[in-house]
Structures are given as structure tokens and as C-alpha cells.
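Examination of the molecular architecture
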Amino acid sequence: WGIAVARMLRSNRSLRTVDLSGQPLPASHPAADPQEEARAVGVAAALGHAAARHWALERLVLSRLELPDACLEALVAPLAAHPALSALDISCSSVGPLTAAALSELLLRPSYLSTIVARGCGIDSDGIAAITSSLRFNTRLAALDLSDNPMGVAAEASAPEVSEPDSVLTSPVVAAAEALASMLENNDSLRQLRIARCGLDQPEDPTMRKKSVTFSLDGLDEDDHSVGDVVSGSPDEDMVSPGDGNTGEGDEAEVQSEGGECQGGDEEPATPKPPAPPPLLGQLLGEALSKSRACGLELLDVSGNWLTDAGVVAFAKGLPRASQLTALYLRDCGGVGAHGELASAISAGSSLLLCDIVDEPLLPADAPPGRASAASPAAGSPTTGSLQLALCSNRWAAGKLWSSLVSAYPPRVAAAATLAFRSLPGATADEAPLSELVGRLLPPLVCARLSAWPATAVLPYGGFVQWLADFFCGAWDEAADDSPFASLVRLMAQPTTLRSEQDSLSANPSLLEVAGSALLRDKRRYRKQPKAKATVPEDAESLRSDALHRLASIVDSLSALEPGEEAGSTAVKETLRGMFAATCRVEDEHEPLHVVLPPELHVSAAEDVLEKTYRLEMQGMLRVEGPDAPADMAHTKPTFEHLPHGGAVLASGRCTFDDWDYFLDETAPDAWREWLHCLRWLSVGSSSSVLCRQETLLESGETTMRYEVLLEREFSAGVLRCALTAMQSNGDADGEAEAEGDDADAIAAEGAGEDMAATEDQDTTDETAADCNEVAREGAERKAPRLDWSLSALQVQISPSFVPPGPLATWHDTEPFKPPDGGTEQEAEENYRAATPRADDG
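Helix and strand content of the protein chain: 24 helices and 21 strands. A total of 842 residues make up the protein chain; the buried ones form 42% of that total. Surface accessibility of the protein chain: about 43200 Å² in total, with carbon and sulfur atoms responsible for 52%.

Next up, the structure:
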């Protein structure tokens, strides 16, 4: 059969792909007879030479042939001369020293080979060293799959004889990791590298092993000695019999000193130097990424190699330098202790969009909505969900947070997922019934108990794509028919939902069950398409200046009010009404463009400064309590006096945290005055940031550009922030462009009038120049007006280290809200005007 295939390749020169997966050529296990083995090698060599002369061949698949090393080497070696071969698959064969050398030679040749798949080929540490040594100089190979190879094991023939069995200096797994790291550091052509389940497990540190306990009972005198006197805590120490002072068996009674003289047996021998601790494998790989001159990796699969939490953290430090890495698979490489550092590394500038680590859920998979979990993380532990938040931030910045994320999937996975989604009953290209999907993942009773959605709820296609990336990323291994993603596709192709009578999930729910539960519990992530990420506009400086002028005018209006003006007076109402937008103009307008501002602090009325901005901080941080607080500032626990006819009144003390009512009663703040304090502070010396985003108006459906200017300034207790928002519709933009054209015409007309005044007679000149100047004035009047800026958010963020000056003091007693050093409100206003340049001053 092998000779027949070779003849076919020599006769037919037009084949571009040849797939011989699972074919018995030559014999998978040649007989022990040397003649039979030589015949098998000859058949493989004939097949290799025939493929090498088939110049139209671009893809050769030899997976699951189970060829021995000699046969595989004879088949692969002639391919080094092929001028067009771009993909080679030799999975499930035996890659020994011969084939490894042939692959190394193949990679050193100037060929078009861009993809090599060698899964489950038995490549050991020596083989990977040979292959990666040639990859340091290869500039063509783009994809390399070496998964399921025992790289952490050395070949028996090359295993070195070492005196110290626990030595890690010659450890095969360290040698393999160093070879991979050297390749990553020097190769800039690889785009995909898969080394999953390769035995790259962190070696044990011999210095951390517990010392064994050895007992010596020789010569034990039970009248004078106890067992504890003859216990040695180290196996390296010589065991000395306490009865007669002789050394233990095999030890000399005397040892030579440095000078050659014999020392008595009472001196202990020199302690051997402990072996050096092994390097962190994750650190080797991470440092290689950070040192790479031009790392072009887009996909890296290290899953199934136990790197430990410390190794994952060390590896994560190199991620920001891998600027093109979009998919990283680290499942079963560490525990949850590394999630926090990994999320920080992803947020620190990496371009990752896909990661197969699923965050530990805050709630059990089968917990009803709204019920807290007893297993929620303790204070100080990594934030649950931080990985997903970091990935979502990267997807948002790349514009791939919804259906466009499917472009980051492998092509076959994207096609299978799309087809499976549209095959659900009642599905369209844009949405599918939610019950049809979760009903194939969870039993009906579990769905009914967990779901808070109506039976008619739908799942958008973009939400489905996002859901797949969150839970099945890395589980869509194309080479495994039993992968979770393959199971999901088969379930979605079923004509009906599950009919199980199970009313709860198992103690260890599967990935499919956890993912299905997340779909039912989610309220927004997979239901609503997120808006585009806000960007910095080109005219940011002019917008900032425009917003600051508007803020200064608001402060002037508030300062013009009489000090004793009632909050309900007409003057106060008219002044405050113009500070905020009249109606909600776009969807989700309460969500600021700057993510540092929480949506809860959106302001639309004067009272929001008290009910939202102040209350958020007041109820939790008005007083100080704890062991570090001064004794006169700590809270006193409230005591109650019981009334004769029932009930009780507060006799002494105040509530531990909620002093909001006390602040209102004692201070009686006016909303307009608090606005004056906050905005006056922000009008001077604030840092600013300008963002914009295109949105759709609710009433007309027209496209508008939303601008937001964030002002921020620190004070002694924390940070004060406010946001001003303005809208510019397409009509406004067209008017502005038209006004700019009118300005140009007006300038030209004004120049023409001046020229005519210098050349024509005086009467005609005066009349014509007056007409031209009138055109100039009309153009200036038609110039697009400034954007209508309104206050949209106000935040008082108190520093956790802030300590009030007294037991009844709060952050509200600091300078922005009260004049410093007992000054008056008039002095504060004078200081503000002295520090703020006025518009009428130029």
C-alpha cells in the first residue's frame, strides 16, 4: 500500500493536499527481523522521496500512522528539499533522535514550511532541544503544535549519570523549559505555539523537603539514656552510638583535617552544600517573552503543565511585552492564588482577548438569584471576576466585545458555533430563544429554579459569542472529539431539550452546567450590546477650555446669590435649573464616559449633591473606628432607655456607621451652597480629561456626538471630581461647518472692502466697504455657538487613610467645604477670584 501511494504521487503531480491519516504504511510495528525493518524503512523512504518530488503538494497529513523513529526519519528527511510544502502533520508517531534531527534539518532549510503539528509523538527533552535550536534561526514557521509530548523526560540512552539524584541542574524538565525559552526569545516568526500537557511541571525543591527522622538503638542504655537522645533530625548526620561513643556503621572514627592531621571523633564532619533550588519554569518563559526583540506570538497554549501559582505570576510579568498575543491558555497551570496577578498583567497593557481560565464564581452554580454565598472570598483575596473584567476591557478597547469577537476564534470553531446557534428552534441570525439553549444544558427543574427571565427571553448572537469566549475558550480543541465545545455543539444539534427529572446540580458541576447557570443568572453581560469605547477627540483642548468657561459661569451665578438666600427661592431655583440637562437625551446617559466615575453618582438635580455624592461617603466614612483610632475618636456603642409602655429611645452613643441623619440635623446643608463649595474648588488647579463617543438620540433617533470633560483635584481628605457633558448632533456639526465657510467668506469680503477703500473714490468706497463689513458681522453672528455644557456627575472620594481632627468632625470640615483656619465665606470667595482669571480680563 505504501509503494502504491508513492507511485500515485509520482504519476499525479497536481495534488495540493494529501491526507494519509491512520493508513498502515509502512507496517506500524515492524518485526524484529532486520530485513523486515529495513523493508519498512525503504517503503517510508520511497514515500518521502515521492512527496518531495510532488512540487504542487502544500499540505501533507501523516497523523496516526504510528511510525517508528527510523521510518518517520526516512519519510521526513527528503521533504527538506520540497519547494512548496507549507503544512506537515506527523502526530501520533514516534519522534526519536533520528526524526528530531531530520526536523531540525528541515527547519534550517530555506523552505515555505509554515505549520508543523507533532502531537503525541513522544518528543523528550533532547528532541525538543534539537527542534528549538533550529527554530532560533527559522524565519518561516508560523504555527508549531507540540502538545502531549513528554518533554520533561530525558531519553534513557542520554540520561546523565549524576551523583546527586535530586539535582535540578541537569533536570530534563528544566532543560526543556530553557530550550523553549531560548526559542521564544530569538524567534520572531512564530504566531502560534502549543505545548499543552507536555510534562513541564515545576520540579520539587529539594531544599524544602522535610528531613527524615532516623533512630539508632545500638548500645542504648535504658538507665542513662532516652530514645530522644539518639534521634537524629537529618539523614546526612552521622549516627553515633551513645553507649560507647563509637561512630555508626560505615563511618570512620577520625577525619582528616585540612592540614592532614587526624581530628578526634568529637568533631562533626563538614555539612555537604545543599543543592540549588530549581528555577521557576514560568519565570523562564515569561522572561523570554519580555526579552524577545520582536515577539510575534498571537496564540500560546501552556495548559496542563503545572507551573504553580508562583510560576504563573512570574510568567504573567512578561505578558505586557507580548504586544500581539491575543489568546493565552493556562488551564491547570496554577491555582486561584495567581488570578489576581494575572488579571493585573492583562490590564497592564497586554492585548489578550481570550484566556481559558474561568473565574471562580461568587455564587454556587445552583444558587437561587439574590442569595449570597458562604464561600465568597475573604477580604484581601483576589477579586473574583477580575480576569473577566480585564479581558473585557481589552476586548472593549479592540472593538471586539460583541459579535465581532468571533473573528478571534479559530475559523472552524467560528463556523461550527454560528451554525449551531442558528440550528436552535426559533433562532435567527441575530438571536435565539434562551430556553432552547439552557434547556439543553440544564434539567428543567434547575432552569425553573435559577432563571429570573420570562420564557420568551432571547439571547443575542453577540451575547452567545461573548459567552463562548468566557467559558469555552481553550476547550474547543479541534483534535479532541470529547472536548466541552464539541459536546456543546452536539447538544445544540439535538432536536429537543433535556428531559431529566434532576432538581439540582451535582456537587462538582461540569463546565457545561456552570456555563448554563451563568446564562440564567446574568442580567446584562450576555443580553445587551455594549457601547463603543470612548476616545479622545481631536479638539480636546478647545473642548476643555469651553467646559471650564461654562464651569466658571456656573460658579459666578452661585456666588451672586445672597448668603442668606433660601433654598426654595425663585433665584436659587432658576440658577440651579440651568446647571443640569433638562431630559435624558441618550440611552444609559447615567453611565459616564470616564470609568473612574460610578454610574450611581450621575446628577440631574440640585439635591443629588446631598442624596448621592455626600451620602455615598457619609454613611460609611463619617467617623473612625478601630484599634488604630484615637481613644477619644472611637465610637461609643449606643445604649437605649426602655419606655414604661414599650419602645425605647436612644440614651447615649451614636450608630457605628450610619451618621447620615446626624449630619443632616446638625449641619442643615443647603444644596446650592454645597454645589458652590465643590465647583469653586474644582475651578482652580484641576487636572482634566476629555472623552467622546457617538450615540443615538432617544427622541429623534439621530446620531449625536457625546462629549465629557472630567475635572479632578485633590484635597486633604481625598479627591473631588466632577463631569460636564455636552451633545453635538449632525445638524450642529453641519451648522458649524457652514459657519466656518461663512467666516471665510466674511474675511474675504472684509479684505475686499479694505482694498476697495484704497483704490476707488471715497463715496463708492464707503458704501461698498460698509456692505462688506455687514457681511462679515452676519457671518460672525452665524458662527456655531458653543456646546451646551451641563453637569452630569459629582464625586467626593475619601482616602482610606483620612482621620478627622475630632470626634464630631468629618471630611466635610476640610477646606473645600469650609473656609480654612476659621476664615469667612467672603474671604474664600476673594481668594477664588484672585486665583481665577476672569473672562472680562482677557
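The next point concerns the pattern of salt bridges. In total, this model carries 20 salt bridges according to the counting rule given. Between Glu58 and Arg16 there is a salt bridge; the shortest N-O distance is 2.8 Å. You can see Glu58 sitting in the loop between helix H2 (34-53) and strand E2 (59-61) and its partner Arg16 sitting in the loop between helix H1 (2-11) and strand E1 (17-19), a full 42 residues away along the chain. Assessed through its relative accessible area of 51%, Arg16 is described here as exposed. Here Glu611 and Arg615 are joined by a salt bridge, their closest N and O atoms 3.1 Å apart. Pair noted here: Glu611 and Arg615 are both in helix H19 (residues 608-621), with a separation of four residues, about one helical turn. Judged by relative accessible area, Glu611 falls into the partly exposed class, the value being 43%. Residues joined by salt bridges that share partners form a network here, namely Lys531, Arg693, Glu695, Arg706 and Glu708.

It should be kept in mind that the predicted coordinates are not to be read in detail where pLDDT is low. On average, residues of the protein chain score 75 in pLDDT, and 70% of them reach the 70 mark or higher. Counted against residues more than four places away or in other chains, residues 157-169, with its pLDDT under 50, gives 11 contacts.

Further remarks concern the side chain of Ser790. Residue placement: Ser790 occurs in strand E21 (residues 790-798). Ser790 has contacts with Met579, Phe580, Ala581, Arg585, Ala723, Leu724 and Thr725, leaving out every residue within four places of it along the chain.

As a further point, take the pairing of strand E19 (residues 703-715). Sheet topology note: the strand E18 (residues 687-696)/E19 ladder contains 10 bridges and is antiparallel. Bridge assignment links Leu691 to a residue of E19, and that residue is Glu708. Linking E18 back to E19 in an antiparallel pair, the connection comprises six residues, with Gly701 at a positive phi of about 80 degrees.

Formed by 86 residues in total, the largest nonpolar core has its most connected members in Ile90 and Leu319. If you tally residues by element for this core, the top one is helix H6 (residues 172-186), at eight residues. Counting 48 residues, the second largest nonpolar core, distinct from the first, contains Leu576, Leu610, Met618 and Cys722.

We now examine the environment of Glu538. If you trace the backbone, Glu538 turns up in the loop between helix H16 (511-521) and helix H17 (540-559). On a C-alpha basis, the gap between Glu538 and Val690 in space is 9.9 Å, while along the polypeptide they are 152 residues apart.

Let us now look at the environment of Cys198. Turning to its location among the elements, Cys198 is positioned in the loop between strand E6 (192-194) and strand E7 (214-215). Taking the C-alpha atoms as reference points, Cys198 and Trp306, separated by 108 residues in sequence, lie 9.9 Å from one another. Those residues within four positions of Cys198 in sequence are excluded, and the remaining contacts are Leu146, Ser147, Asp148, Asn149, Pro150, Met151, Gly152 and Asn305.

All right, on to a positive patch on the surface then. Together, Arg7, Arg10, Arg13 and Arg53 give the surface a local cluster of positive charge. Considering the arrangement of structural elements, one finds Arg10 in helix H1. Given the relative accessible area of 38%, Arg10 is considered partly exposed.

Criteria and cut-off values
- Residues numbered from 1 in each chain as written.
- Predicted model: local features only at pLDDT ≥ 70, side-chain atom pairs only at ≥ 80, totals over all residues.
- Heavy atoms only, no water.
- Helix = DSSP H or I, 4+ residues; strand = E, 2+ residues; numbered from the N terminus.
- Buried < 20%, exposed > 50% of the residue type's maximum accessible area, 1.4 Å probe, protein only.
- Areas by Shrake-Rupley, 256 points an atom, 1.4 Å probe, with all protein chains shown as cover.
- Salt bridge = Lys/Arg side-chain N within 4 Å of Asp/Glu carboxyl O.
- pLDDT = per-residue confidence, 0-100.
- Contact = heavy atoms within 4.5 Å.
- Pairing = 2+ DSSP bridges.
- Core = buried A, V, L, I, M, F, W, Y, C linked by side-chain atoms within 4.5 Å.
- Patch = residues over 30% accessible without salt bridge, like charges linked within 9 Å, V, L, I, M, F, W, Y side chains within 5 Å.
- Lys, Arg positive; Asp, Glu negative; His and termini not counted.
- Charge placed at Lys NZ, Arg CZ, Asp CG, Glu CD.

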